[in-house]
Amino acid sequence: MKTTTLSTSVSPKAPALATLTAVAAACAMMLSAPAHAAEAQAASSATDATNAASVPSAIDSSKRVIRLAQPKADNAASTNNAPAPQATAPQTVTDAASTNNAPAPQATAPQTVTAPQPPTVQNRPPMSTLQPQDVRPPATPEFTGTTRVYDPGPMNATGIDLRSGQLTNIPTPQAQLSDVSFVPTVLIPQQTGDNNDKLDVSLLDDFIKDVSPNARHYPPNFPNRSQRHYTREKIKVLAEWIEPYAKEPNASYDVLIRAAKLNGMGRNLDLGSDYTIRGGQYVDRAIKIQPDSGEANFLYGMMLSEGGGFKEGQKYLDRAVSLGYTEAEQSLAQSDLLSDRRDKALERLRRLESQNPDNDIIPQQIKLIEEGKFYIWDIPAPDINVKPSV
């Protein structure tokens, strides 16, 4: 049996074949190197162009351009002699193995991009070389000339004379006063007892004195409707002013008697039932403080009798007559007339006329009764001049 033995030795031609294969591969690599380099350069340029074009423009919500992307910033920077911004784009590492479908190695991390510097501005004015301590605020302007300060002259009884040279070339005001009148100052205690608080009733007393002949009795009588209206309005104001003082539990007699007069006239001028109630309350309290007051007894008796309470008012009127109050006698004559005692009313007034010959009102009242009238106070009212309330 013949045995065949296989030889494992390499043929002498094998080294030569390997050498030729290596040389061919090297030649191929050398020939393809420029092409690969061109492709890599083109890819790098494309990447740079993509990165440059991908720089966004910054626009705010109002559609205003904040920063505009400039791909040719390098050229502009070089034109202004400024260093071009340096930016390294991420690159992909490849080798020849990629050509042979070998797995590509991991790409290197992108490098930090340096922000471009703003281009230099030509023709910029030179900066100041002054230090902070050399900078001074602008000097305050100095005023020249003479400043005159007004110096008032001494005060005297006639005032200050403005014509004494300090206000030259200014017209001097001229004023004239006429019908000058003075109201006597009247101060009354606010409360009874040792309280020293005073109340100035100067204007109040002057008003009551003027309008009492027209509004004290019913019916009131005024020369015209305007004076009646102004009197009504002033009574409202003055009654409201004195009301807080009269409502005090320890209000003085002087306060109460004035409040009673105002409210009584308000009742006669048809201002409302509140005036009637308040007037009666205040005069009643005044009589309790001074029972021997002829004026207080007269006011209370007159309010009652002219309101229809003849019997209730007569005792207060009789008390006032006994205290020497003349007007109380006239109110009694009015009460007699309204009670169908005409003869008694005439007798009373004639006796009163003989006792007061200078009284001009009593003869007119007697004439009204003789003519068959029923209101002895319905006589021509004296002319008054009540000013409107301010």
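K.L.:
Can you tell me about the pattern of salt bridges, naming the residues and giving the values?
P.N.:
Per the counting criterion, the structure on display carries 15 salt bridges. The shortest N-O distance in the salt bridge between Glu295 and Lys261 comes to 2.4 Å. You can see Glu295 sitting in helix H8 (residues 294–306) and its partner Lys261 sitting in helix H6 (residues 253–268), a full 34 residues away along the chain. Since its relative accessible area comes to 18%, Lys261 is described here as buried. Salt bridges here are not isolated pairs; linked through shared partners, they connect Glu329, Asp336, Arg341, Arg348 and Arg351.

K.L.:
Before we move on, can you summarise unusual backbone geometry with the specific residues and values?
P.N.:
Cis rather than trans, the peptide bond between Tyr218 and Pro219 has omega equal to 0 degrees. Notably, Asp270 is not glycine yet its phi reads approximately 60 degrees, a positive angle. By the secondary structure assignment, Asp270 is in the loop between H6 and helix H7 (273–289). The phi dihedral of Asp340 is positive, around 65 degrees, even though this residue is not glycine. Along the chain, Asp340 falls in the loop between helix H10 (326–338) and helix H11 (342–355).

K.L.:
Could you give me a rundown of the packing of H6 against H8, with the residues and numbers involved?
P.N.:
Running from amino to carboxyl end, H6 crosses H8 at an angle of 25 degrees, the nearest separation of the two axes being 11 Å. Regarding the angle of H6 to H8, the classification is roughly parallel. In this structure, H6 meets H8 at a crossing whose hand is left-handed. Along the contact surface, H6 presents Tyr253, Ile257, Ala260, Lys261, Gly264 and Arg267, while H8 presents Glu295, Ala296, Leu299, Met303 and Glu306. For the contact of H6 with H8, a count of residues per class yields six nonpolar, one polar and four charged.

K.L.:
Would you mind going over the environment of Lys236 in detail, with residue names and values included?
P.N.:
Counting through the fold element by element, Lys236 comes out in helix H5 (residues 225–246). Distance from Lys236 to Asn263, taken between C-alpha atoms, is 8.9 Å for residues 27 residues apart in sequence. Residue contacts for Lys236: discarding those within four places in its chain leaves Leu271 and Tyr275.

K.L.:
Summarise the confidence of the model for the protein; cite the residues concerned and give the values.
P.N.:
Per-residue pLDDT for the protein has a mean of 73; in total, 56% of the residues score no lower than 70. Residue range residues 1–13 is modelled with pLDDT below 50. Its contacts to residues more than four positions away, or to other chains, number zero contacts.

K.L.:
Any details on the packing of H5 against H7? Residues and values, ideally.
P.N.:
Two elements in contact, H5 and H7, have axes whose closest approach is 13 Å; the angle formed by their N-to-C orientations is 45 degrees. It follows that H5 is oblique to H7 by the angle criterion. Judged by the sense of rotation from one axis to the other, the crossing of H5 with H7 is left-handed. Across from Ile235, Lys236, Ala239, Glu243 and Ala246 in H5, the residues of H7 making contact are Tyr275, Arg278, Tyr282 and Arg285. Broken down by class, the residue content of the contact of H5 with H7 amounts to five nonpolar, no polar and four charged.

K.L.:
How would you summarise the packing of aromatic side chains if you had to cite specific residues and measurements?
P.N.:
Evaluated as defined, the whole model comprises three aromatic pairs. Both rings, one in Phe298 and one in Tyr325, keep their centres 4.9 Å apart while their planes meet at 25 degrees; by these two values the pair is stacked. Of this pair, Phe298 sits in helix H8 while Tyr325 sits in the loop between helix H9 (310–322) and H10, placing them 27 residues apart in sequence. One residue, Arg278, lies across the ring of Tyr275, its end atom 4.7 Å from the ring centre. Against the face of Phe374 rests Arg342, its NZ or CZ located 5.2 Å from the ring centre.

K.L.:
Can you explain the nonpolar core? Please cite residues and give values.
P.N.:
Among the nonpolar cores identified, the biggest contains 43 residues, and Leu204, Phe207, Ile235, Leu262, Met265 and Phe298 are the most heavily contacted of them. Mapped by element, the contributors of at least two residues to this core are helix H4 (202–215), H5, H6, H7, H8, H9 and H10. Tallying contributions element by element places H6 first for this core, with eight residues. Once residues within four sequence positions are removed from consideration, Leu262 is found in contact with Leu204, Phe207, Ile208, Ile235, Leu238, Ala239 and Ile242.

K.L.:
Break down H8 for me, with residues and values.
P.N.:
Helical geometry note: an α-helix holds 3.6 residues per turn, so side chains three or four residues apart project in the same direction. The end-to-end C-alpha distance of H8, which contains 13 residues, comes to 18 Å, matching closely the 18 Å that a straight helix rising 1.5 Å per residue would cover. In terms of residue burial, H8 counts as a mostly covered element, since eleven of its 13 residues are buried. Those residues of H8 lying buried are Gly294, Ala296, Asn297, Phe298, Leu299, Tyr300, Gly301, Met302, Met303, Ser305 and Glu306. Buried positions along H8 lie against H6, H7, H9 and H10. Once H8 finishes, Gly308 follows within two positions and takes phi at roughly 110 degrees, a positive value.

K.L.:
An account of H5 is needed here, citing residue identities and associated values.
P.N.:
When the terminal C-alpha atoms of H5 are compared, their 30 Å separation across 22 residues agrees well with the 32 Å that a helix rising 1.5 Å per residue should span. Along its length, H5 reaches its greatest deviation from straightness, about 25 degrees, at Glu240, and the proline Pro244 lies no more than four positions downstream. Residues of H5 that are buried: Gln227, Thr231, Ile235, Leu238, Ala239, Ile242, Glu243 and Ala246. Buried residues belonging to H5 abut H4, H6 and H7.

K.L.:
Pulling in residues and values, what's your account of the side chain of Asn221?
P.N.:
Within the secondary structure layout, Asn221 lies in the loop between H4 and H5. Once residues lying within four places of it in the same chain are set aside, the contact partners of Asn221 are Asn214, Asp378, Ile379, Pro380 and Ala381.

Criteria and cut-off values
Residues numbered from 1 in each chain as written. Predicted model: local features only at pLDDT ≥ 70, side-chain atom pairs only at ≥ 80, totals over all residues. Heavy atoms only, no water. Salt bridge = Lys/Arg side-chain N within 4 Å of Asp/Glu carboxyl O. Helix = DSSP H or I, 4+ residues; strand = E, 2+ residues; numbered from the N terminus. Buried < 20%, exposed > 50% of the residue type's maximum accessible area, 1.4 Å probe, protein only. Axes fitted to C-alpha atoms, helices over the stretch in contact; angles between N-to-C directions. Parallel < 35°, antiparallel > 145°, perpendicular 65-115°, else oblique. Left-handed = near helix turned anticlockwise from the far one by under 90°. Contact = heavy atoms within 4.5 Å. Nonpolar A, V, L, I, M, F, W, Y, C, P; charged D, E, K, R; others polar. pLDDT = per-residue confidence, 0-100. Phe/Tyr/Trp six-rings, centres within 6.5 Å; stacked < 30°, edge-to-face > 60°. Lys NZ or Arg CZ within 6 Å of the ring centre and 35° of its normal. Core = buried A, V, L, I, M, F, W, Y, C linked by side-chain atoms within 4.5 Å. Expected span 1.5 Å × (residues − 1). Bend = angle between axes of the 7 residues up to and from the residue.

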